[in-house]
Amino acid sequence: MEANPENPHLRSPPSPAAAGNLGPRRLLDRSQFIRIILQALHSLGYSKAAAALESESGVALDSPEFTSLLFHSLSGHWIDCINSIDSIPDLTSESKSSAAFLVWKQHFMELLASEDGLVAAKDVLRSCISPLDVERGAVHRLSRVMISPEGVVLGEERVRGRIGMLLDLLRLMPDWVRMPSGRLEHLVETAVMKQLDSCAYHNTPEEVTLFEDHACSLDRIPSKCVQTLYAHKNEVWFVQFSNAGEYLASSSKDCTAIIWEVKEDDTLSLKHTLEGHLKPVSFLAWSPDDTMLLTCGNAEVLKLWDATTGICKLTMNNQVNRVISSCAWFPDSKKIVCGSYEPDNRVHTCDIEGNEIDVWEGERMPKVSDLAVTPDGNSLISICSNREIWIRDFRKGTEKVIPEEYSITSLSLSRDGKFMIVNLNSEEIHLWSVYGTSNTPNRYRGHKQGKYVIRSCFGGSDCLFLASGSEDSKIYIWQRHNEEPIQVLSGHLMTVNCVSWNSSKPHMLASASDDCTIRIWMASRNTSKVHA
């Protein structure tokens, strides 16, 4: 088509050679780009559009090498099939031998299925297959087929066998011969994930667009206090959202624990006040199914509560008045593990009726201050007073010890159980891989911690963030790839002891403080501050 003088934009399309590479940096091969678009059009069901693009561009979806291989494979043109393989550049000699073996093997099997093909099959085995540089056992197994008919390709199975051979051949070929399915989708998803990974504030997994480069602002991080909870009468030491994010539990120096309900509008209301402890409640843990709650009294007893009714189902104590310092659930919600240090250092598992199952004790058993069980139930992680992290593998019966230079005050496990963070009284938080071998943790600094137990947590989209309380009355938030905080929240009047990030609402964070309050922090929204 000649240029239209009235509209200079309507010109004949450039030839492939003239077009060259595409993109601002000229990195995209034009023919490859068109082939990927053609594949996407076919997968979307737009075959007519794909045919029009092929015709106008002069670029076919399938490479000539693939077309040749497809035709000769399905037609049983064995020598032509071998010639097609040999003509493919960038194919190693090893791959060529393996491909040739597949072709001659299919031919060999088809010959054995014919009435008078035994002699011809022997000839193929001797002259075509044996000289190939392939594993000898494979050749010997073919020899045995001549005695036993196992694997012989009968007439009605020929097409299926040739298609299977073609698919096996393509696994040996370079990707450009027959590009992997869904290539455009893969490229776009990879680009999107790269942008998400490099975004320091990404906390909304559902908000992804292809029309512009991804970038989140700091307001995606919970930073606005929208609700303050005043029901406790003394210092609040612990706070934790339920696994499904529908409830929040808190414990206090006032010897009570409270279950709060998270409403659809993201406000919280008091559901149950759990009374019965005679000393401050220092620790609590939701069962994985969120039906039960464990509370630990400070140097007192362990109580099991029905989260629906708020009724105490069991008080776990014994004749020696053992002091339980921490506890954790197994993933089936039917078994728990407890750590105790008086009258001796001990870790034991028990069922929800309080019956002991396994016990670890003895002279080498250190004092355990915190516990966690991985979500698969295979490993127990213990924080010990001798500045060590113990990881016990139940299946293998092995233990791994990670030493720290300073005292460890608390432990938090990521939702997938692959990572853990520990707070140290050196004013650092360390992130370790549970199953990794590295001797160097990721370090996070900025918060203040020297005298008290401060608890941190994972949170946000895919647990990409960490949050921690602090002795300077603030809350510190880090992106996992940066050791310096990206956000510092002010509002509490005294030490912030514990924080918890809602797993189902990544825009919601809770904090517990010595100022007797719990604060609910949200990502920027049109909400007004309320009190309860």
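Predicted model, so just to flag it, every value in this text is computed and none were measured. (Residues numbered from 1 in each chain as written. Predicted model: local features only at pLDDT ≥ 70, side-chain atom pairs only at ≥ 80, totals over all residues. Heavy atoms only, no water.)

J.: Quick one: what's the story with the packing of helix α5 (residues 78–86) against helix α6 (residues 93–113), residue by residue and with numbers?
T.: At their nearest, the axes of α5 and α6 sit 10 Å apart, and the two run at 170° to each other. On the basis of the axis angle, α5 is roughly antiparallel to α6. Here W78, I79, C81, I82, I85 and D86 of α5 lie close against α6, whose contacting residues are K96, A99, A100, V103, W104, Q106, H107 and E110. When its residues are assigned to classes, the contact of α5 with α6 shows nine nonpolar, two polar and three charged. (Axes fitted to C-alpha atoms, helices over the stretch in contact; angles between N-to-C directions. Helix = DSSP H or I, 4+ residues; strand = E, 2+ residues; numbered from the N terminus. Parallel < 35°, antiparallel > 145°, perpendicular 65-115°, else oblique. Contact = heavy atoms within 4.5 Å. Nonpolar A, V, L, I, M, F, W, Y, C, P; charged D, E, K, R; others polar.)

J.: Describe the sheet that holds strand β8 (residues 302–306), listing the residues and the values that go with them.
T.: Strand order in the open sheet made by the four strands is β6-β7-β8-β9, with antiparallel pairing throughout. Either end of the sheet is taken by a strand with one partner, and the two such strands are β6 (281–286) and β9 (312–316). Strand-to-strand twist of the sheet, defined as the mean angle between neighbouring strand axes without regard to direction, takes the value 20°. (Pairing = 2+ DSSP bridges.)

J.: Describe the packing of aromatic side chains, listing the residues and the values that go with them.
T.: Enumeration over the complete set of coordinates arrives at seven aromatic pairs. An angle of 40° between the planes, with centres 5.8 Å apart, marks the rings of F330 and F394 as tilted. With F330 in the loop between β10 (323–329) and β11 (335–342) and F394 in the loop between β16 (388–393) and β17 (398–403), this pair connects stretches of sequence that are 64 residues apart. On the basis of relative accessible area, F330 is assigned to the buried category, the value being 6%. With relative accessibility at 27%, the residue F394 sits in the partly exposed group. The structure contains a cluster of three or more aromatic residues connected by ring pairs, namely F330, W360 and F394. It is R178 that lies over the ring of F66; its NZ or CZ is 4.5 Å from the centre. (Phe/Tyr/Trp six-rings, centres within 6.5 Å; stacked < 30°, edge-to-face > 60°. Buried < 20%, exposed > 50% of the residue type's maximum accessible area, 1.4 Å probe, protein only. Lys NZ or Arg CZ within 6 Å of the ring centre and 35° of its normal.)

J.: So, the side chain of K303: which residues are in play, and what are the values?
T.: Here K303 shows up in strand β8. Of the side chains bearing the opposite charge, E300 lies closest to the buried K303, which forms no salt bridge; the N-O distance is 6.4 Å. A distance of 2.8 Å separates a polar atom in the side chain of K303 from a polar atom in the side chain of T315. (Lys, Arg positive; Asp, Glu negative; His and termini not counted. Salt bridge = Lys/Arg side-chain N within 4 Å of Asp/Glu carboxyl O. Polar contact = N/O pair within 3.5 Å; in protein donor to acceptor, adjacent residues only side chain to side chain.)

J.: Can you explain the nonpolar core? Please cite residues and give values.
T.: Counting 42 residues, the largest nonpolar core has L248, L302 and I520 as the members making the most contacts within it. A total of five residues in this core trace back to one element, the largest contributor, which is strand β4 (residues 256–262). Judged by nonpolar contacts, the second largest core, of 33 residues, contains F66, L91, V134 and V177. (Core = buried A, V, L, I, M, F, W, Y, C linked by side-chain atoms within 4.5 Å.)

J.: I'd like to hear about the UniProt feature "repeat: WD" (unreviewed entry) in the protein, residue by residue, with values.
T.: According to UniProt, the positions carrying the feature "repeat: WD" (unreviewed entry) are residues 229–270, 274–315 and 489–521. Across residues 229–270, the secondary structure splits into 0% helix and 55% strand, with the terminal C-alpha atoms separated by 9 Å. Between the first and last C-alpha atoms of residues 274–315 the distance is 13 Å; the span itself is 0% helix and 55% strand. (UniProt positions renumbered as here; feature names shortened; annotations may be inferred.)

J.: So what's going on with the pattern of salt bridges? Which residues, and what values?
T.: A complete count under the given rule lists 13 salt bridges for this structure. Of the charged contacts, one joins E110 and R158 as a salt bridge, the two residues approaching to 3.8 Å between their closest N and O atoms. In this pair, E110 is assigned in helix α6 and R158 in helix α9 (residues 158–172), connecting sequence segments 48 residues apart. Judged by relative accessible area, R158 falls into the partly exposed class, the value being 32%. Salt bridges sharing common partners tie together E428, R443, R445 and E483.

J.: Before we move on, can you summarise the environment of R443 with the specific residues and values?
T.: Turning to its location among the elements, R443 is positioned in strand β21 (residues 442–445). In this structure the C-alpha to C-alpha distance between R443 and L293, which are 150 residues apart in sequence, comes to 32 Å. Beyond its immediate stretch of four places on either side in the chain, R443 contacts E428, I429, H430 and E483. A distance of 3.1 Å separates the side chain of R443 from the side chain of E428, its partner in a polar contact. Here H430 takes part through its side chain, which lies 3.0 Å from a polar atom of the side chain of R443.

J.: Summarise the sheet that holds β17; cite the residues concerned and give the values.
T.: Taken in spatial order, the four strands make up an open sheet running β14-β15-β16-β17, and their pairing is antiparallel. For this open sheet the edge positions go to β14 (368–373) and β17, each flanked by a neighbour on one side alone. Across the sheet, the mean angle from the axis of one strand to that of its neighbour is 20°, orientation sign disregarded. The pairing of strand β15 (residues 379–384) with β16 spans six bridges and is antiparallel. Across the sheet, the residue bridging to S382 is W390, located in β16.

J.: Describe the state of the cysteines, with residues and values.
T.: Two cysteines joined by a covalent bond between their sulfur atoms form a disulfide. One pass over the full model with this rule turns up zero disulfides. Here C350 is not disulfide-linked; the sulfur of C338 is the nearest cysteine sulfur, at 4.6 Å. The structure places no disulfide on C516, whose sulfur is separated from the nearest cysteine sulfur, that of C255, by 13 Å. (Disulfide = S-S within 2.5 Å.)

J.: Describe unusual backbone geometry, with residues and values.
T.: The backbone of R26 sits at a positive phi, close to 60°, despite the residue not being glycine. Looking at the secondary structure, you find R26 in the loop between α1 (16–19) and α2 (30–43). One non-glycine residue, C516, adopts positive backbone phi at about 75°. Position of C516 relative to the elements: it lies in the loop between β27 (508–513) and β28 (518–522).

J.: Which residues make up the pairing of strand β1 (residues 224–229), and what values go with them?
T.: Of all six residues making up β1, five are buried, and the element is well covered by its neighbours. For β1 and β28, the ladder comprises five bridges, and the chain directions are antiparallel. Considered in β28, the bridge of Q227 is made with I520.

J.: Could you give me a rundown of the packing of α6 against helix α7 (residues 118–129), with the residues and numbers involved?
T.: At a closest axis distance of 8 Å, the pairing of α6 and α7 adopts a crossing angle of 165°. By the criterion of interaxial angle, the relationship of α6 to α7 is roughly antiparallel. Between α6 and α7 the crossing geometry is left-handed. Contact with α6, carried on its side by F101, W104, K105, H107, F108, L111 and L112, involves L118, A120, A121, V124, L125, C128 and I129 of α7 and no other residues of that element. Residue classes in the contact of α6 with α7 are distributed as twelve nonpolar, one polar and one charged. (Left-handed = near helix turned anticlockwise from the far one by under 90°.)

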